[in-house]
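Residues per chain are reported as follows:
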Amino acid sequence: ATEFLGSCYCCAAGTFSNWQVVLPSAPSSGKSVTFTLRVNGADTAAVITISNTATVGTYVGSPISLADGDKLTIKCVPSGTPTVSTPHMSWSFNSTTSAQSIYGSGGMNALITTTRTNTLLFRPDVTNFQNPTREVIACPGTINKITIELSADSGAAGTWVFTVNKNGTAQDGTGGTPDTRVIFNNTGLVKSATFSLAVVAGDYLTWTCSFTGSPAVAIQMINGVRMTATTAGESQYGGVGSDLDTASTRYLPCGNGLDDIVLTGTEAVFQVNAGLTAFKLGNLYCQLQGTAGAGASAGFTFNLKKNGSTTALSATLLFTATAGSDLTGNVNYGAQDLIGLEVIPLNTPLPRFASWAAV
């Protein structure tokens, strides 16, 4: 109900279009739910209403112009006490500058009294900044802007510092690294950092929130990130999750927006509707935080799914492996196809945090 917590930042100029919302359960007769895109706290013309027995709504009107620095929110208004349902949504971002893509998250209880880490592009848990999950890169390019807004200032007694880490090394301007730090020192609620952090397929990223002195701790944050792909038309797509089960098949999140990283054996929980615009996923990369198995034949198999069926994209990590990939297969997704990522344990592996990504 607090708009700030449902917002994120757009870090590149472009347009919003091809918006679709899918509800697992229809609102029911005489009831509806209306979704509206808001930019900088104001409603736009992008509106979707899903009523009665319908479960899918689309906005195919004129694209909505977005500027670098805009704050984005989706407003949801029920009418007539509709059936409770968790919406899945997708939309297209067409960048003004070739090859740019945007990522963002909101409502994170980031600011606490110990240094914590999280992922940068696809968040495993949007309620906390405390999950030590690596985020693997599949799409080569450069990450070149971060914008953060705090719900309140840090206070005069301390400073908050957000830093990107690549392959375990802080990108803080020392040792020849770019300076990715966003620093809050009681001089404003919105801060940005621009830089050029080159990433290649197989790199992994984490994002650290640290502090000096005694900054205020009852603070939440929202953010946005810009990435420029080496090849125009490509972008990063993936997800991260908590400890993989050592005995049962589990499913990892696909894309952003989830508020829980607890994995499940029910595929529908983490399936994502592909939306209106056809696209292709290829170059699957998978990474574990620690070795895959307790024995030579122990490990995990990652399978990309389409409409509940296994696809040509698959990677197996065994024994001492912490990373694996499939660079030969690819999968075409069309309107309303369902995307999933299945992880199958082999011969009782060690429980691990995991991340995956594709181009």
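Residues numbered from 1 in each chain as written. Predicted model: local features only at pLDDT ≥ 70, side-chain atom pairs only at ≥ 80, totals over all residues. Heavy atoms only, no water.

Focus on the packing of aromatic side chains
In plain terms, the rule: In this scheme Phe, Tyr and Trp rings, the latter by its six-membered ring, pair at centre separations within 6.5 Å, and the angle between planes marks the pair as stacked below 30 degrees, edge-to-face above 60, and tilted otherwise. Runs of E in the DSSP output that reach at least two residues are strands. Runs of H or I that reach at least four are helices, and both are numbered from the N terminus. The buried label applies to any residue whose accessible area, calculated with a 1.4 Å probe on protein chains only, is under 20% of its type's maximum; exposed applies above 50%, and partly exposed to all values in between. For a Lys NZ or an Arg CZ to count as sitting over a ring, it must be within 6 Å of the ring centre and within 35 degrees of the ring normal.
Tallied over the entire structure, the rule returns nine aromatic pairs. Ring geometry for Phe162 versus Trp207: centroids 5.7 Å apart, planes at 45 degrees, classification tilted. Here Phe162, found in strand E13 (residues 158-166), pairs with Trp207, found in strand E17 (residues 204-213); they are 45 residues apart in sequence, far enough to count as distant. What makes Phe162 buried here is its relative accessible area of 0%. Ring geometry for Tyr237 and Trp356: centres 6.0 Å apart, planes at 70 degrees, overall edge-to-face. Of this pair, Tyr237 sits in strand E19 (residues 237-241) while Trp356 sits in strand E27 (residues 354-358), and the two are 119 residues apart along the sequence. We note that Tyr237, like Trp356, is buried. Of the aromatic side chains, those joined through ring pairs into one cluster are Tyr103, Phe122, Tyr237 and Trp356. Positioned above the aromatic ring of Tyr204 is the side chain of Arg134, whose terminal nitrogen or guanidinium carbon lies 4.1 Å from the ring centre. Positioned over the ring face of Tyr333 is Lys306, at 5.9 Å from the centre of the ring.

Remarks on the side chain of Gln100
So the rule is basically this: Every residue pair with non-hydrogen atoms within 4.5 Å of one another is taken to be in contact.
Among the secondary structure elements, Gln100 is positioned in strand E9 (residues 100-111). Those residues in contact with Gln100, other than ones at most four positions away along the chain, are Ala12, Phe93, Ser95, Arg226, Met227 and Thr228.

Considering the sheet that holds strand E7 (residues 71-79)
Definition in use: Whether two strands pair depends on DSSP finding at least two bridges between them. For helices, the fitted axis covers only the stretch in contact; all axes are lines through C-alpha atoms, and the angles between them, taken along N-to-C directions, range from 0 to 180 degrees.
Reading across the sheet, the four strands line up as E1-E7-E3-E4 and stay open at both edges, with antiparallel pairing between neighbours. The sheet is open, and its two borders are formed by strand E1 (7-9) and strand E4 (42-52), each paired with just one other strand. The mean angle between the axes of side-by-side strands here comes to 20 degrees, regardless of whether they run parallel or antiparallel. As judged from the eight bridges shared by strand E3 (residues 28-39) and E4, these two strands associate in the antiparallel manner. Looking across to E4, one finds that Thr36 is bridged to Val47.

A look at the sheet that holds E27
Strand order in this open sheet of four strands is E19-E27-E22-E25, and the pairing throughout is antiparallel. Every other strand in the sheet has two partners, leaving E19 and strand E25 (323-333) as the edge strands with one partner each. In this sheet, adjacent strand axes meet at a mean angle of 20 degrees when their direction is disregarded. Note: strand E22 (residues 279-288) against E27, four bridges, orientation antiparallel. Following the sheet pairing, Cys286 is matched in E27 by Trp356.

Focus: the nonpolar core
Worth spelling out the cut-off: What makes a nonpolar core is a set of buried Ala, Val, Leu, Ile, Met, Phe, Trp, Tyr and Cys residues whose side-chain atoms join them at distances within 4.5 Å.
Leu120, Leu121, Ile143, Ile146, Ile148, Phe162 and Trp207 are the most contacted members of the largest nonpolar core, which has 34 residues in total. Taken together, the elements giving at least two residues each to this core come down to E9, strand E12 (141-150), E13, strand E15 (182-184), strand E16 (190-199), E17 and strand E18 (219-229). Sort the elements by how many residues they give to this core and E18 lands first, with five residues.

Observations concerning the pairing of E17
By the criterion of burial, E17 is predominantly enclosed, with seven of the ten residues buried. Relative to E17, strand E10 (residues 116-118) runs antiparallel, the two being bridged by three bridges. When the sheet's bridge partners are listed, Arg116 is paired in E17 with Cys209. As judged from the two bridges shared by strand E11 (residues 135-136) and E17, these two strands associate in the antiparallel manner. Counted as the bridge partner of Glu135 is Leu205 from E17. Examined bridge by bridge, E13 and E17 share nine bridges and lie antiparallel to one another. Directly across from Gly158, in E17, lies its bridge partner Gly213.

Without other data, these values stay purely geometric and don't point to any function.
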